[in-house]
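Inside the fold
Here is what each chain is made of, one letter per residue.
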Amino acid sequence: QVQLAESGGGLVQPGGSLRLSCAASENILSFTFMGWARQAPGKVREFVADIRDDGTTWYVDSVKGRFTISRDNAKNTIYLQMNNLKPEETADYYCYGDRVDRYWGQGTQVTVSS
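Residues numbered from 1 in each chain as written. Predicted model: local features only at pLDDT ≥ 70, side-chain atom pairs only at ≥ 80, totals over all residues. Heavy atoms only, no water.

**Some thoughts on the environment of Ser-7**
The cut-off we apply is this: Comment: elements are numbered from the N terminus, with helices defined as DSSP H or I runs of at least four residues and strands as E runs of at least two. Any pair of residues with heavy atoms lying within 4.5 Å of one another is described as a contacting pair.
Residue position: Ser-7 is located in strand β1 (residues 4-7). As for Ser-7 and Asp-72, which are separated by 65 residues in sequence, their C-alpha atoms are 15 Å apart. Other than its neighbours up to four places away in sequence, Ser-7 contacts Arg-19, Leu-20, Ser-21 and Thr-108.

Take a look at the structure:
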């Protein structure tokens, strides 16, 4: 069974940075896409960034220039570097991978607050 394990969340002040990691139990190149989504309390889940198996990346407009998605194929891990974080970006951040199905991790909490 595919397992995705996020880590790296925590409390950060506005303007600060965090780097999230998502370790997959299988070869990440077996996924057509891998990426990150976030869900704040009372809001729908929002896709934030993804990276295709060919290395192509996508970002939601609100994070362009501040977030960077990357991968380490040897470690079967993808990352989300988040810079200049804003309070409204407080959310649970989830990793996902698309193959035949979409697989989700359990999430890691990011709190942006003074």
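Read on for the rest.
**Digging into the nonpolar core**
The test is simple: Working definition of a nonpolar core: buried Ala, Val, Leu, Ile, Met, Phe, Trp, Tyr and Cys residues. They are joined through side-chain atoms within 4.5 Å. Throughout this description, buried means an accessible area under 20% of the type-specific maximum (1.4 Å probe, protein chains only), exposed means over 50%, and partly exposed covers the range between.
In this structure, Trp-36, Leu-80 and Met-82 are the most contacted members of the largest nonpolar core, which totals 29 residues. Elements with a contribution of two residues or more to this core: β3 (18-24), β4 (33-39), β5 (46-52), β7 (67-72), β8 (77-82), β9 (91-98) and β11 (108-112). Of all the elements, β3 adds the most residues to this core, at four residues. Every residue in contact with Met-82, bar those within four places of it in the chain, is listed here: Gly-16, Ser-17, Leu-18, Leu-20, Arg-66, Phe-67, Tyr-93 and Val-110.

**A closer look at the side chain of Glu-6**
The following threshold applies: Pairs of N or O atoms are called polar contacts if they sit within 3.5 Å, as long as, within protein, a hydrogen donor faces a hydrogen acceptor (for residues adjacent in sequence, only side-chain-to-side-chain pairs).
Tracing the backbone shows Glu-6 in strand β1. Within the structure, Glu-6 has its side chain in polar contact with the backbone nitrogen of Gln-106 (distance 3.0 Å). A distance of 2.9 Å separates a polar atom in the side chain of Glu-6 from the backbone nitrogen of Gly-107.

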